[in-house]
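Report on the structure
The chain contents come next:
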Amino acid sequence: MSAAAADAPIMPRIGKPVLQVEHLTMRFGGVVAVDDLSFSAGRGDITALIGPNGAGKTTVFNCITGFYKPTEGRIILSLGHGLDEAAVTHLTQSGRQYQHYGDAAVYLLERMADFRIAQHAKVARTFQNIRLFGGMTVLENLLIAQHHRLMRASGYSIAGMFNLPAYRRGHERAMELAVYWLERINLVERADDPASGLPYGDQRRLEIARCLCTEPVLLCLDEPAAGLNPRETAELNQLLEYVRSHHDTSILLIEHDMGVVMEISDHVVVLDYGEKISDGTAEFVRNDPRVIAAYLGVEDEEAEAIDRALREGQPE
């Protein structure tokens with residue numbers, strides 16, 4: 001990607017959601033980790049999935065990205081301008097994993113293996129613990145994310161061995177994309193340094209940039225602000241807002257830092273004990289008594305009384 005892309009106009013928003021989670025349930029033996037969860041992630045939006053520890057957030061991520069197969073439910077990823085319910089229903093009944101319809105496509109993620117979700121559905125994710133290749137350089141970490149593209153360009157070895165034009169074009173494209181994201185995370189000068197030698201905050205942003213080198217449709221971030229200081233958190237926010245504004249990438253994040261959530265999120269979904277207790281804008285969720293109760297440990301009866309009082313316009 002050329003440097004000129006940095007000055008490209010902001011992407012328009014498309015109304016239909018990129019991700020729909022419908023009646024998702026995940027059981028581990030007798031334990032219900034996620035219970036009948038439904039929500040959607042808007043196309044081009046930052047959607048935050050929040051809740052107290054043990055609420056089931058990472059379990060939801062693992063179902064979306066194929067690490068777990070949900071006990072029940074449907075997880076739909078739509079590309080292009082979205083598809084109507086008839087197309088989704090037809091795919092569900094056909095037993096297939098995905099279907100392309102011209103410029104649009106629909107994927108039933110609950111049917112797909114994790115590597116197919118990453119490769120075909122273009123869903124990328126990070127984990128709570130940083131998983132960089134510490135012995136590789138910063139640049140090599142971004143190139144390894146484009147392994148499939150480079151392998152295809154090499155004709156699975158022949159074109160690469162003889163440095164044929166198709167491979168040269170693929171390699172140039174991979175380098176261009178890697179340098180583009182290095183510039184966005186301010187690490188161009190450290191491109192040849194080992195990734196393990198970077199400060200913690202730089203490693204976090206490098207891990208996100210590595211995901212972005214796969215050009216994902218949906219980027220899933222598991223606690224990206226964990227362990228960051230205020231300056232590093234501000235840099236993370238700037239990166240995510242840049243991705244939202246200038247790229248056709250939707251972001252779904254799990255986060256405990258409410259400052260991050262409230263500052264950058266377009267949509268917030270709140271879980272507690274595997275159930276959805278609130279769903280709306282950051283401002284709506286901030287003032288939802290059920291959310292306050294979940295975080296402050298207020299008894300259910302008191303939360304209901306607060307909710308009732310607010311609805312009736314009475315003092316608490």
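Note that the coordinates shown come from a computational prediction; the quantities given were computed from them, not determined experimentally.

Our next topic: the layout of surface pockets. Roughly 900 Å³ of volume is contained in the largest pocket. Every residue lining the largest pocket is counted, 27 residues in all, and those nearest its centre are A118, A124, A145, H148 and T214. Top element by residues in the lining of the largest pocket is helix α3 (residues 114-119). It accounts for five residues. Residues of the lining of the largest pocket, tallied by class, amount to twelve nonpolar, seven polar and eight charged.

This part covers the sheet that holds strand β2 (residues 31-41). Read from one edge of the open sheet, five strands run β2-β1-β4-β6-β5, paired in antiparallel fashion. Only two strands of the sheet have a single neighbouring strand rather than two, namely β2 and β5 (98-101). Each neighbouring strand pair of the sheet contributes to a mean axis angle of 15°, computed without reference to strand direction. Here strand β1 (residues 19-28) pairs with β2 via seven bridges, running antiparallel. The partner of V21 across the bridge, within β2, is F39. Along the sheet, helix α1 (residues 57-64) makes contact with β1, β2 and β4 (72-79), crossing β1 at roughly 115°.

For the rest of this paragraph, the subject is the packing of aromatic side chains. Going through the model one piece at a time under the given rule, you end up with four aromatic pairs. With centroids separated by 5.0 Å and ring planes inclined at 80°, the aromatic side chains of Y180 and W181 adopt a geometry described as edge-to-face. A relative accessible area of 2% means that W181 is categorised as buried. Positioned over the ring face of F127 is R131, at 3.9 Å from the centre of the ring. Here R184 stacks its cationic end above the ring of Y180, 4.8 Å away from the centre of that ring.

This brings us to the pairing of strand β11 (residues 275-280). Pairing between strand β10 (residues 267-272) and β11: five bridges, direction antiparallel. When the sheet's bridge partners are listed, V270 is paired in β11 with S278. Between β10 and β11, which pair antiparallel in sequence order, lie two residues; one of them, Y273, sits at a positive phi of approximately 50°.

Okay, the packing of helix α7 (residues 165-184) against helix α9 (residues 230-246) next. Between α7 and α9, whose axes approach to 11 Å, the crossing angle comes to 130°. The orientation of α7 with respect to α9, classified from their angle, is oblique. Contacts from Y180, W181 and R184 in α7 reach L239, Y242 and V243 in α9. When its residues are assigned to classes, the contact of α7 with α9 shows five nonpolar, no polar and one charged.

Attention shifts here to unusual backbone geometry. Notably, H23 is not glycine yet its phi reads approximately 55°, a positive angle. Within the fold, H23 resides in strand β1. Positive phi, normally seen in glycine, also occurs at N186, with a value near 60°. One can find N186 in the loop between α7 and α8 (200-212).

Here the focus is α9. Helix length check: α9 (17 residues) gives 24 Å between terminal C-alpha atoms against 24 Å at 1.5 Å per residue, within 8%. Among the residues of α9, those classed as buried are E232, T233, L236, N237, L239, L240, Y242, V243, R244 and H246. Packed against the buried residues of α9 are β3 (46-50), α7, α8, β8 (218-222), β9 (250-254) and α10 (258-264). The N-cap of α9, judged by a side-chain oxygen 3.1 Å from the amide nitrogen of R231 a few residues on, is N229.

Predicted confidence across the chain gives a mean pLDDT of 88, with 88% of residues reaching 70 or more. Overall, residues 1-15 carries pLDDT values under 50, and its contacts beyond four positions in sequence, including any with other chains, amount to 28 contacts.

With 49 residues, the main nonpolar core has W181, L206 and L240 as its most contacted residues. The element contributing the most residues to this core is α7, with six residues. With near-sequence residues (within four places) excluded, W181 lies in contact with A209, L212, C213, L239, Y242, V243 and H247.

What counts and how
- The written sequence of each chain sets the order in which its residues are numbered from 1.
- It should be noted that, the model being predicted, local features are given only for residues of pLDDT at least 70 and side-chain atom pairs only at 80 or more, the latter also being counted only at that level, while totals for whole chains, interfaces and linings use all residues.
- Working from all heavy atoms in the structure, the side-chain values ignore hydrogens and water.
- Every definition here rests on a 1 Å grid over the protein atoms only: cavities are sets of points where a 1.4 Å probe fits but cannot get out, pockets are open sets enclosed by protein on both sides within 12 Å along at least five of seven lines, and lining residues have some atom within 4 Å of a point.
- Grid points are joined across faces, edges and corners, and a volume is the space filled by probe spheres set on the points.
- Helix and strand definitions follow DSSP, with helices as H or I runs of at least four residues and strands as E runs of at least two, each counted in order from the N terminus.
- Under the convention adopted here, Pro, Cys and the residues Ala, Val, Leu, Ile, Met, Phe, Trp and Tyr are nonpolar, Asp, Glu, Lys and Arg are charged, and Gly plus all remaining residues are polar.
- Criterion used throughout: strands pair if DSSP finds at least two bridges between them.
- Simply put, an axis is a line fit to the C-alpha atoms, just over the touching stretch for a helix, and the angle between two N-to-C directions goes from 0 to 180 degrees.
- In this analysis, two residues are considered to be in contact whenever any of their non-hydrogen atoms come within 4.5 Å of each other.
- The rule is short: rings of Phe, Tyr and Trp, with Trp giving its six-membered ring, pair when the centres are within 6.5 Å, and they are stacked under 30 degrees, edge-to-face over 60, tilted in between.
- Three exposure classes are used, based on accessible area relative to the maximum for each residue type with a 1.4 Å probe and protein chains only: buried under 20%, partly exposed in between, and exposed over 50%.
- Any Lys NZ or Arg CZ that is within 6 Å of a ring centre and within 35 degrees of that ring's normal is treated as a charge sitting over the ring.
- Note that the term roughly parallel is reserved for angles under 35 degrees, roughly antiparallel for angles over 145, roughly perpendicular for angles of 65 to 115, and oblique for everything else.
- Multiplying one less than the number of residues by 1.5 Å gives the expected span of a helix.
- Counting of polar contacts relies on pairs of N or O atoms within 3.5 Å, with two restrictions inside protein: one atom must be capable of donating a hydrogen and the other of accepting it, and residues adjacent in sequence are counted only when both atoms are side-chain atoms.
- For every residue, the predictor reports its confidence as pLDDT, a number between 0 and 100.
- Side-chain atoms within 4.5 Å are what join buried Ala, Val, Leu, Ile, Met, Phe, Trp, Tyr and Cys residues into a set we call a nonpolar core.

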